[in-house]
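Residues per chain are reported as follows:
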Number of protein chains: 4
Amino acid sequence: MDAKVYECVKEVFETNTPFSRNLGIKVLQDESLNPYLRLERQDHLIGNYIQDILHGGVISSILDIIGAIVAVDGVISRMKYEQKAEIMKKFEKLGTIDMRVDYLRPGRGTYFIATGEAMRTGNKVSVVRTKLKNEENTLIAAGTGTYMVG
Amino acid sequence: MDAKVYECVKEVFETNTPFSRNLGIKVLQDESLNPYLRLERQDHLIGNYIQDILHGGVISSILDIIGAIVAVDGVISRMKYEQKAEIMKKFEKLGTIDMRVDYLRPGRGTYFIATGEAMRTGNKVSVVRTKLKNEENTLIAAGTGTYMVG
Amino acid sequence: MDAKVYECVKEVFETNTPFSRNLGIKVLQDESLNPYLRLERQDHLIGNYIQDILHGGVISSILDIIGAIVAVDGVISRMKYEQKAEIMKKFEKLGTIDMRVDYLRPGRGTYFIATGEAMRTGNKVSVVRTKLKNEENTLIAAGTGTYMVG
Amino acid sequence: MDAKVYECVKEVFETNTPFSRNLGIKVLQDESLNPYLRLERQDHLIGNYIQDILHGGVISSILDIIGAIVAVDGVISRMKYEQKAEIMKKFEKLGTIDMRVDYLRPGRGTYFIATGEAMRTGNKVSVVRTKLKNEENTLIAAGTGTYMVG
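Residues numbered from 1 in each chain as written. Chains lettered and ligands numbered in written order. Predicted model: local features only at pLDDT ≥ 70, side-chain atom pairs only at ≥ 80, totals over all residues.

*Asks:* How would you summarise the overall build of chain A if you had to cite specific residues and measurements?
*Replies:* Counting its regular elements, chain A contains four helices and eight strands. Starting at the N terminus and walking to the C terminus, you meet the elements of chain A as α-α-β-β-β-β-α-α-β-β-β-β. The C-alpha radius of gyration of chain A comes to 15 Å, within 12% of the 15 Å expected for a compact globule of 150 residues. Along the first, second and third principal axes, the C-alpha atoms of chain A reach 50 × 30 × 25 Å. For chain A, the residues scored as buried account for 54% of the 150 residues in total. Long-range contacts, defined here as pairs at least 24 residues apart, represent 63% of the contacts in chain A between residues at least 6 apart. (Helix = DSSP H or I, 4+ residues; strand = E, 2+ residues; numbered from the N terminus. Rg over C-alpha atoms; globule rule 2.2 N^0.38 Å. Buried ≥ 20, exposed ≤ 12 C-beta atoms within 10 Å, placed from the backbone. Contact = placed C-beta atoms within 7 Å.)

Pasting the structure below:
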C-alpha cells in the first residue's frame, strides 16, 4: 500500500470511524506492504463468556473492514494519485454491497489478524476474499465481500 | 415465542452477551409473539459521521442475532420443554455456520428493527432470512443465515 | 411486466440462451403480471437417480435466471421505453455479480416454479430474493442474487 | 485422493449423475492427487451466443460439484476405510447446504478447470472455497460452499 494511501486508510478506518474505535481495530501493513487488521481480545467484544469467544458480529465486522480496505487499495493503486484529497474522494464512493461470512472455528485467542485478497478489481465493483486468524494462526472465519468502488 | 423461551432468549441474547450489551439491542415480541430486535441510533455504532449511518458491522451483527433467535425458537417450539434448564441446553448447541448480508440502503434512522423468518427448521441445521428496517419502515439490509441447532 | 418487456424476456431467456433451452425453462407471468419460471422434471436434470431429485446446479441455475429477469424488469419499469431496441439494450448490461443459494429440501416433484422479489432496484446494482417450489408448494430452495443492471 | 475414493468419486459424480453427464464434466487429479474438474466449452452450455460465454448456471454447477468432492474427500481421508461400500455410504450423506458464487469475469475459453480447498472439515459440516479458471488461467468465478458431510 502506498504511504499516502496507508495514511488515508488509517485516518478513515481507524481514527474517524466511531464503530472501528469501539472495536479497537488497528490498521497495519506486512513486509510486502499488504494491509491487515489487528484486534485484541477485549471483554466488550465477547459473545459467550463461558467459552470466552468473540461475538460473530465482531468477526463479520472486522472481515467487512479489511475487505473494504483491500478493495479501495486495489482501485487506488491502479491510478496515479498525487493529492490526498483525490485519494479521500475514492473512499467516499466505497461501500459494501454484500458479504458472506463462514464461521469456521470458535473465535478464541489473545489477538486476531484479518487479511484480504482481491479476487477482482473493477471500475465499479470489486470482490475480496478475507480471513480471520488468531495468534496461533488458527483460521477462525473466512469471508467474501462485494464492494462498490466507483 | 413461548413465555419461558422468551425469558431465556432475553437472558442469553440481551443480558448475558457482552457484545449485545455493547450494541444495546433489546429483544421484543410483536402481537403474534414473533421475536424482533430493537436498536437505537447511538454514536458508538456509527460507521460514517458525515452521513450519520450505522456501521455495516453493526448491521451484520444485529441480523446475525435475530437469525439465531428465530432459529433456536423454531427448534424449541417443535419440542415439549418444561424446564428452563432443558431450553438453555438448546442454546448451548446454537451457532452460526455462515451468513450473507445485503446492504441495501444507508443505515440512517433514530431506531432500527430486525426481524427474521425461518426458511427451514431442521434437526441439525436451520436457515433464516432476516431484515433490518428503520423507524420509517425503510428496508436497510437483508440477510440469510445458516445455523447449527442440534 | 409490460407486454413488450415480457416479449424481450422470453426471447432472451427462453429462446436465445442455449443453456436455458437445455434446462427447458419456460418464462410465464402470474395474474399480477409478475414473471416466474416453470421447469418440468426431466431425466437429464437429475442429480441423484435413487432419490429422483434435481441436481443442485439446476436449482442454482433457475434461481439465477429468475433473479436476473426480476432485476432487469425492475430497472426497465422505472423508465419509459417505447422501442424494443431500447429495452434489449438494457439486457446487454445485465449480469450476475454474485449469488447465494440455500438448498432447503430435496428437489423432488413433477414440475417446479421459481419466483423472485426485488429487495433493491438501483441504477447500477439490484438485489433480488428468489424461491423455488414444487407443484405441491414445498419450498425447495431460496436464493439471493446481486445483479449489475446499468 | 486415495485411489479407492477417486474411483468412487468418478463413479458418483461423473458417471452416475445425469446432470453431470449433461454438463460433460470430467473428474481428474493433479500431481499432488488433489481432485479437479475439467469442462469443455460446448454449445449447449452457453449463456450468451454473441459473447460466447458459459451460462452462470453452468459455472455455479461445476463449483458446487468440485466443492462437494473436496468436502467428501476431506471427511473420508480422516477415516480408515477399507471397503468401497463404506466409502459409498459417506457419499449418501453428502449434500450442499448453501453456496455463494462470485462471477468475476466472462466465462470465455476452450476448456475450464474447477478446483477447491477445504476451509474446515467437520464431523457434520464442511466448508470449501472453489475457483473456476479457463485454459489461460484467467479466474472466472470463485465460490464458497457449506456441505453436510455426516
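*Asks:* Lay out the interface of chain C and chain B with the relevant residues and their values.
*Replies:* On the chain B side, the residues contacting the 11 residues of chain C number 11 residues. Listing elements by their share of the side of chain C that touches chain B, those giving two or more residues are β5 (95-103), β6 (111-121), β7 (125-134) and β8 (139-148) of chain C. Per element, the largest residue contribution to the side of chain C that touches chain B is three residues, and it comes from β8(C). In terms of residue class, the side of chain C that touches chain B is made up of five nonpolar, one polar and five charged. (Nonpolar A, V, L, I, M, F, W, Y, C, P; charged D, E, K, R; others polar.)

*Asks:* Describe the sheet that holds strand β2 (residues 35-40) of chain A, listing the residues and the values that go with them.
*Replies:* If you walk across this open sheet you meet the 12 strands as β1(A)-β2(A)-β6(A)-β7(A)-β8(A)-β5(A)-β5(B)-β8(B)-β7(B)-β6(B)-β2(B)-β1(B), and the pairing is antiparallel. A single partner strand is all that each edge strand has here, and the edge strands are β1 (26-29) of chain A together with β1 (26-29) of chain B. Across the sheet, the axes of successive neighbouring strands diverge by a mean angle of 25 degrees, strand direction being ignored. Here nine bridges tie strand β6 (residues 111-121) of chain A to strand β7 (residues 125-134) of chain A, and the two strands are oriented antiparallel to one another. Within β7(A), the residue paired with A:Ala118 across the bridge is A:Val128. Seen against the sheet, helix α3 (residues 56-77) of chain A touches β1, β2, β5 (95-103), β6, β7 and β8 (139-148) of chain A together with β5 (95-103) of chain B and runs at an angle of roughly 45 degrees to β6(A). (Pairing = 2+ DSSP bridges. Axes fitted to C-alpha atoms, helices over the stretch in contact; angles between N-to-C directions.)

*Asks:* Which residues make up the interface of chain D and chain C, and what values do they have?
*Replies:* Counting from both sides, the interface comprises 26 residues of chain D and, opposite them, 27 residues of chain C. For the side of chain D that touches chain C, the elements supplying multiple residues, two or more each, are α2 (18-23), β3 (46-48), α3 (56-77) and β5 (95-103) of chain D. Sort the elements by how many residues they give to the side of chain D that touches chain C and β5(D) lands first, with nine residues. Its residues assigned to classes, the side of chain D that touches chain C shows 10 nonpolar, 11 polar and five charged. Alignment of β5(C) against β5(D), held across five bridges, turns out to be antiparallel. Each bridged residue has a counterpart across the sheet, and for C:Asp102 the counterpart in β5(D) is D:Asp98.

*Asks:* Hey, could you go over the relation of the copies chain C and chain B for me, with residue numbers and the actual values?
*Replies:* If you rotate chain C by 180 degrees and push it 0.0 Å along the axis, it lands on chain B with an RMSD of 0.0 Å. Both copies of the chain, as the preceding transformation shows, are related through a two-fold rotation axis. For chain C, the minimum C-alpha distance to the rotation axis belongs to C:Arg100 and amounts to 3.8 Å. A symmetric contact is evident, with 100% of the interface residues of chain C recurring at the interface of chain B. (Least-squares fit on C-alpha atoms with pLDDT ≥ 70 in both.)

*Asks:* Break down the sheet that holds strand β2 (residues 35-40) of chain D for me, with residues and values.
*Replies:* Taken in spatial order, the 12 strands line up as β1(C)-β2(C)-β6(C)-β7(C)-β8(C)-β5(C)-β5(D)-β8(D)-β7(D)-β6(D)-β2(D)-β1(D) in an open sheet, and their pairing is antiparallel. Each edge of the open sheet carries a strand with a single partner, namely β1 (26-29) of chain C together with β1 (26-29) of chain D. Within this sheet the neighbouring strands show an average axis-to-axis angle of 25 degrees, counted without direction. Bridge count for β5(C) against β8(C) is eight bridges, and the pairing is antiparallel. What sits directly across from C:Tyr103, in β8(C), is C:Ala141. Against the sheet, helix α1 (residues 3-15) of chain C engages β1 and β2 (35-40) of chain C, with an angle of about 160 degrees to β1(C).

*Asks:* Before we move on, could you go through the nonpolar core and cite the residues and values that matter?
*Replies:* A:Ile62, B:Ile62, C:Ile62 and D:Ile62 are the most contacted members of the largest nonpolar core, which has 195 residues in total. Non-local contacts of A:Ile62, meaning those with residues more than four positions away in its chain, are made with A:Leu23, A:Ile25, A:Leu37, A:Leu39, A:Ala114 and A:Leu132. (Core = buried A, V, L, I, M, F, W, Y, C linked by C-beta atoms within 7 Å.)

*Asks:* Pulling in residues and values, what's your account of the relation of the copies chain D and chain C?
*Replies:* Mapping chain D onto chain C calls for a screw motion: a turn of 180 degrees about the axis and a shift of 0.0 Å along it, with 0.0 Å RMSD after fitting. Mapped onto chain C, 100% of the interface residues of chain D are again interface residues, and the two copies thus contact each other with one and the same surface.

*Asks:* Describe in detail helix α1 (residues 3-15) of chain D, supporting the description with residues and values.
*Replies:* Turn by turn, an α-helix covers 3.6 residues, leaving residues three or four places apart pointing in a common direction. Residue and element names in this part refer to chain D. The terminal C-alpha atoms of α1, which comprises 13 residues, lie 17 Å apart, in line with the 18 Å expected from a rise of 1.5 Å per residue. Every buried residue of α1 is listed here: Val 5, Cys 8, Val 9, Val 12 and Phe 13. Projected onto a plane normal to the axis of α1, the buried residues spread over an arc of 100 degrees and lie on a single side. Opposite the buried face of α1, by more than 90 degrees, sit the exposed residues Ala 3 and Thr 15. Considering only its buried residues, α1 is in contact with α2, β1, β2, α3 and α4 (84-93). (Expected span 1.5 Å × (residues − 1). Arc of directions from axis to C-beta.)

*Asks:* Any chance you could break down unusual backbone geometry for me, citing the residues and the numbers?
*Replies:* In this structure, A:Asn137 takes a positive phi of about 70 degrees despite not being glycine. Inspection of the secondary structure assignment puts A:Asn137 in the loop between β7 and β8.

*Asks:* Would you mind going over the packing of helix α1 (residues 3-15) of chain B against helix α4 (residues 84-92) of chain B in detail, with residue names and values included?
*Replies:* All names here are of chain B. Remark: α1 packs on α4, axes separated minimally by 10 Å, with the N-to-C direction vectors making an angle of 50 degrees. In this view, α1 runs oblique relative to α4, as classed from their interaxial angle. Pair α1 / α4 crosses with right-handed handedness. The segment α1 lies against α4, with Lys 4, Val 5, Cys 8 and Val 12 engaging Lys 84, Ile 87, Met 88 and Phe 91. (Parallel < 35°, antiparallel > 145°, perpendicular 65-115°, else oblique. Left-handed = near helix turned anticlockwise from the far one by under 90°.)

*Asks:* Account for the packing of helix α3 (residues 56-77) of chain B against α4(B), naming residues and giving values.
*Replies:* Residue and element names in this part refer to chain B. Two numbers describe how α3 lies on α4: the axes approach to 10 Å, and their chain directions differ by 135 degrees. When the axes of α3 and α4 are compared, the pair comes out oblique. Relative to α4, α3 is oriented so that their crossing is right-handed. Between α3 and α4, the residues in contact are Val 72, Val 75 and Ile 76 and Ile 87, Lys 90 and Phe 91, respectively. A breakdown of the residues in the contact of α3 with α4 according to their chemical character gives five nonpolar, no polar and one charged.

*Asks:* Can you tell me about the environment of B:Asn137, naming the residues and giving the values?
*Replies:* With 8 C-beta atoms packed within 10 Å, B:Asn137 lands in the exposed category. Sequence-wise, B:Asn137 and B:Gly24 are 113 residues apart; in three dimensions their C-alpha atoms are separated by 20 Å.

*Asks:* Let's hear about the pairing of β2(A): which residues, and what values?
*Replies:* Residues and elements named next belong to chain A. The alternating pattern of β2 places Pro 35, Leu 37 and Leu 39 on a buried face and Tyr 36, Arg 38 and Glu 40 on a face that is not buried. In the sheet, β1 pairs with β2 via four bridges, with the strands oriented antiparallel. In the sheet register, Lys 26 faces β2, and the bridge partner there is Arg 38. Where β1 folds back on β2, the antiparallel hairpin that results is connected by five residues, among which Leu 33 adopts a positive phi of roughly 65 degrees. In this sheet, β6 lies alongside β2 in antiparallel orientation, the contact comprising four bridges. Paired with Leu 37 across the strands is Ala 114, a residue of β6.

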